[in-house]
Amino acid sequence: MVAKVNISRNLPSQKENAIHDETVPESTVQSGTCLRNGNLQTPRGKRKVQERCENIRRNSSRSRRTSQPQNGEVVEAVTLFEVVSMGKRAMQSVVDDWIEVYNQDRDVALLDLINFFIQCSGCQGMVTAEMFQSLRNSEVMQKMTETFDEETGLQYKKFMAYPWILTVTWPVDMDNEDYPLIKPGPYWKKFKANFCEFTAVLIQQCQYSILYDSYLMDTVISLLTGLADSRVRAFRHTSTLAAMKLLTALVSVNLNLDVSKCHAQRLCEVEKNRISVKRTNHRLDQLERKRKKYEEKPLEIENMMNAIFKGTFLQRYCDVIPEIRAICIEEIGSWMKMYPDTFLNDGYLKYIGWMLYDKHPEVRLKCLLGLQGIYNRKELVSKMDLFTSRFKDRIVSMTLDKDHEVAVQAMKLLMLMSQNCEDALSSEDCETLFQFVYTMHRPLAVAAGEFLYKRLLSYQGTEEEVPPKGRGKFGANPSYMRKLITFFLESELHKHVTYLVDSLWDWAASLLKDWECMTTILLEDAEEGEALSDAQESALIEIILVTVREAAEGHPPVGRGAAKKILSAKEKKIQLEDCTKITEHFIVVLPQLLAKYSADTEKVANLLQIPQYYDLDVYSTGRLEKHLHALLKVVKGIVAEHSDMAVLEACSRAYYILCNEELAIHRRADLARTQLIDELVDKLNELLDDSWHEGEGLCTDEEGICRIYSTLRRIAAFHNAHNLTKWNLYGKTSKLLVFEMQYGSLPVQVILPALQCTYFALLWQLHSVVERSSSKETVLALNRELRFFCQICACYLSHKDKDLSEKAFMILCDLLMILSHQGSSDGEAVGLLQYIPSASLQSKMLLFIQDHVFREEEEEIKDLTEEEERKKEDYKLNDLHRRRSLLAVYCKLIVFTVVEMSAAAEIYKHYMKTYNDFGDIIKETLSRTRHNNKIQSAKTLILCLQQLFQKHIETHGSTNNMDLSFMNIKELARRFSLTFGWDQVKSRESVAMIHKEGIEFAFQGAAGVEGKCLPPNLSFLLIISEFSNKLLKPDKRLVYGYLQRYITEPMSCRGDEWHPLVCYRNSLLANEDEESSVITSLREWSSISRSKTCSFKRKLSNGSLTETSHTETTSKTPDLQCAPELTSAAGKSRKRLKSQDTCLQECLPFLGPAGLSRRHSQDVIKAEGFSGNSGGKDIDEDVDVDVVGADQN
């Protein structure tokens, strides 16, 4: 025997003990005997056939043998499947070898090819063959079936591959296994490419010889059609791919025949014109015969194509497997591009149109890609009128497809339709597609940007039609820029210009980087008809800022990419060139723009952000200090003119950038900053000295209050980014805060900036202490100031002014977060600054959240105008943003354990009611706290449910379990259970703690030790039953065992009032066998003494059940000793563990913090209250031994 290559464990091979491929030629079939399952009448006959088959295999593969090293040995590929799958030889030589064998013995070669397709399907079975002529037609038709043989356990498929009748035998579970076309990995990906190449090369090499022998193609087409009709996915998938590639190759052959036929026709005409009419010419006769031959061959090819199309495509284009449907649609698209005369008509286009509605994205994607190849060629578009009118709306709607790649390709297809089809898209369609430039998915936005650019911002007319004013220095860019501004303003998405620019960046970079053109439009005095409006100027300035940022940073805006991309060398070079261009241009132009628009708040705030993208060394290297002086002068004037916080912060940011100590210009900038701060502080001192009176506060008119307010705002804006400690602002501003706290008579507009200034002054002092080594006295003094400031903020939480109280809350939360992380690791002195809020302060903050975030405001129902309705919606949106900020900053304190985690229970209560507004914040808080401490997080959840339940009991009573309030609590518990996800092992600690705490709460207050009276909180068991499905099966048994401790007399727990207990018990029982075993255990519990039960409960409440000694356990219950090693359950296979039913009830390592086991710990479980001979029935159980430590490291 010749050794075979064993590529993988699932790869079909021809080993004696694995797969048996028996191909029986015509000579071996005698008297119509069919070889099924490889069994012959006699051993001698069987041995004879095997010898013949072996000789045939050797002869057919002699020229294909390829030596390949494997495990130190040389093995040879002897089958087509092995040669193709290895891909070590050129496919053309492989096919040529096969053709050579075919010419010698076509039956042997065909059977080899049949085996190739069967093996490519991953069939680990046997193929037998018999001649069609040896059986009657009626008998053949009766046996063309696919059946299951119960005796052998094998699946049979018998079908016609004319002139052969093939019987394929394979294991029943083959459809559940991987086969070569769907196996992962680069090897099998290459195999698929080799398989397709082999099919194409086979037709290509046979087109001049055996393709038209009426034997080869009839057999192959019959084989593939029969396999494509199988119920087995592997057969259908492989045969469909082969048949479609076969048809594609036949289309190429037909195209070649058309070329040859035209060439022969021209030769005949030339020869006819060359000779006289009366003379005969042998060459002309030869050319005529050749031409007729070329005319006959396409008919045969078309018959083959029709047979494949009708036998395979029409059956499989709507197959249940999406991969098969995708193959069919992909190939029919290629046929239409290759051979439009035959395939590009409505009879074939309808299949692509129908599959545009396919539920699988891969199929829809293949449809769009096929249509792109058609609409990209203008000569083919004329045949698409009916298809365009019928399916255009569907393609437009596919831009909203849930699969991003489908949406992107739909947009690209619509762009091609817009370019090559006149009036294919209406203006409404275009306006709809233009809006996709604002989408978050960048590839779709870029595709929409290309559509917008080619439709609106690029000129495709003739030179004579270009407007005369577009021929100047900037060409047509000014007109295109005006179009872009108009489009942006008409979109009414004011804050989304960043996404618009990013969408157009790849296509309109030359336009968007023409900053000289943009600034010229702003600075030049245009004619009255061409002057920009105020809104257009604002939009253009915003576009300038965004384009500068995009060019300098080199990555998409927030939301358009997961992270900052790594730039290539070419991209870095372009980025440096753009930065240089930005610096050289705006160093000169920016002061002029700021001077022109100094009175406009929005424009100035945007323009002042441009210097952060400068290469600031150019100021000194290019000797452009005069432009720096002009910039500092105009910025100083803007600070004096404006009190808007956005403008002031932009000015502060500009000074911060220019005052960088590493720059050569920082001395000039620092001098200008110092002069500005001196003027502001002197002005503040003057105003306070004139208007401040001890005991009375500020005694001045409204104008004086406004001057103090604006000055404090300017100082606060600069104090945020600059260290102003040397001006000693803390004493001045803290005096205002203390007076307001004591007397409450100061204007709020003065207190707000004073509060900010005080906060920034303390932060700068804290920064100095941390960065430099300070004395203990300095640290203690700062500590007193910080604590006093926290008291001031806490006092302001109850201030009547809403803005002031919320600002105080935000500052207080930020300060507590900073102080909580000043640990001893930063130094002994700095560790003194650590501050944990007191219980009273935490209570005040929680009440503040309840009042300002979750308080519902009643809406007045009245008729409003459209403008009033718009203002109301804007107010609601801003109010929601404000409340989300308050909740987020408080939840951050919970996550980082600055405040007690139990405070989150009050927030969790509002999870369902406010899910649309705050659901994401609450879910993230729940997830983070669970990650920090699973047990405490579970206790917080159960505390939330307990508080809601107690409120329900106080309002509706303990027996009303169908009330809307109770159902809401139950639904909230269900929502909480969903947050644990599907990984039960990861969440088992938390879920176990919820059940433990819930059971204890449910039986809290039961009358007497026996609990004979109905517990008042028994209905709470219905609520925690929502978490039962998150328990692992062994954990359910353990939780049920804990529940039994509270039911000393099960027979008394009957009646409708005990319905919650029954429901909860049923949620813990997995099946009837478990229920019967548990009932037996209940009866056993009735005989347990009262004293031992009480003792057992005390141990559970203390969490010390798993801490009992090994000696005590051994002495009391030697037969029930259970001391397994608690191993991690995550990532390991489940083990079957035999244990006593009663012992499972005792194994409760999750009952309290003291009993929490850790991974790989040795714990001994005490079984108390049982005698040594009270063993129960052994049961097999899937026990995941480590109940609590699976996720602990």
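A brief look at the structure comes next. (Residues numbered from 1 in each chain as written. Predicted model: local features only at pLDDT ≥ 70, side-chain atom pairs only at ≥ 80, totals over all residues. Heavy atoms only, no water.)

1. A few points about the overall build of the chain
Moving on, step 1. A tally of regular secondary structure across the chain gives 48 helices and 12 strands.
Moving on, step 2. Here the chain, with 1193 residues, has 52% of them falling under the buried criterion.
Moving on, step 3. For the chain, the accessible surface area stands at approximately 57800 Å², while carbon and sulfur atoms represent 49% of it. (Helix = DSSP H or I, 4+ residues; strand = E, 2+ residues; numbered from the N terminus. Buried < 20%, exposed > 50% of the residue type's maximum accessible area, 1.4 Å probe, protein only. Areas by Shrake-Rupley, 256 points an atom, 1.4 Å probe, with all protein chains shown as cover.)

2. Here we look at the environment of glutamine 1044
Moving on, step 1. Mapping glutamine 1044 onto the fold places it in helix H43 (residues 1033-1044).
Moving on, step 2. Each C-alpha atom of the pair glutamine 1044 and arginine 1065 lies 9.8 Å from the other, and the pair is 21 residues apart in sequence.

3. A look at the packing of aromatic side chains
Moving on, step 1. Within the structure shown, the criterion is met by 44 aromatic pairs.
Moving on, step 2. Considering the side-chain rings of phenylalanine 1001 and phenylalanine 1020, the 4.8 Å spacing of their centres and the 75° angle between planes classify their relative orientation as edge-to-face. Of this pair, phenylalanine 1001 sits in helix H41 (residues 984-1002) while phenylalanine 1020 sits in helix H42 (residues 1020-1024), and the two are 19 residues apart along the sequence.
Moving on, step 3. With a relative accessible area of 0%, phenylalanine 1020 lands in the buried category.
Moving on, step 4. In textbook terms, an aromatic cluster arises when at least three aromatic residues are bridged by ring pairs, as seen for Phe309, Phe313, Tyr317, Trp335, Tyr339, Phe343, Tyr348, Tyr351 and Trp354.
Moving on, step 5. Lying over the aromatic face of tryptophan 982, lysine 1030 brings its terminal NZ or CZ to 5.5 Å of the ring centre. (Phe/Tyr/Trp six-rings, centres within 6.5 Å; stacked < 30°, edge-to-face > 60°. Lys NZ or Arg CZ within 6 Å of the ring centre and 35° of its normal.)

4. Some words on a negative patch on the surface
Moving on, step 1. Taken together, the side chains of Asp678, Asp682, Glu686, Asp689 and Asp690 define an acidic patch exposed on the protein surface.
Moving on, step 2. Structurally, aspartate 690 is set in helix H29 (residues 666-691).
Moving on, step 3. Classification of aspartate 690 as exposed rests on a relative accessible area of 56%. (Patch = residues over 30% accessible without salt bridge, like charges linked within 9 Å, V, L, I, M, F, W, Y side chains within 5 Å. Salt bridge = Lys/Arg side-chain N within 4 Å of Asp/Glu carboxyl O. Lys, Arg positive; Asp, Glu negative; His and termini not counted. Charge placed at Lys NZ, Arg CZ, Asp CG, Glu CD.)

5. Concerning helix H44 (residues 1059-1068)
Given 3.6 residues to a turn, an α-helix orients residues that are three or four positions apart in the same direction.
Moving on, step 1. Every buried residue of H44 is listed here: Pro1060, Leu1061, Tyr1064, Ser1067 and Leu1068. Buried residues of H44 fall within an arc of 125° about the axis and therefore sit on the same side. (Arc of directions from axis to C-beta.)

6. What to know about the side chain of serine 85
Moving on, step 1. Positionally, serine 85 belongs in helix H2 (residues 80-86).
Moving on, step 2. Within the structure, serine 85 has its side chain in polar contact with the backbone oxygen of glutamate 82 (distance 3.0 Å). (Polar contact = N/O pair within 3.5 Å; in protein donor to acceptor, adjacent residues only side chain to side chain.)

7. Some remarks on unusual backbone geometry
Moving on, step 1. Here the phi dihedral of serine 214 falls at roughly 60°; this positive angle occurs in a residue that is not glycine.
Moving on, step 2. Looking at where serine 214 falls in the secondary structure, it is placed in the loop between helix H6 (186-206) and helix H7 (216-228).
Moving on, step 3. Positive phi values are uncommon outside glycine, yet aspartate 423 reaches one of about 60°.
Moving on, step 4. Note that aspartate 423 resides in the loop between helix H16 (404-420) and helix H17 (427-434).
Moving on, step 5. According to the relative accessible area criterion, aspartate 423 is exposed, its value standing at 76%.

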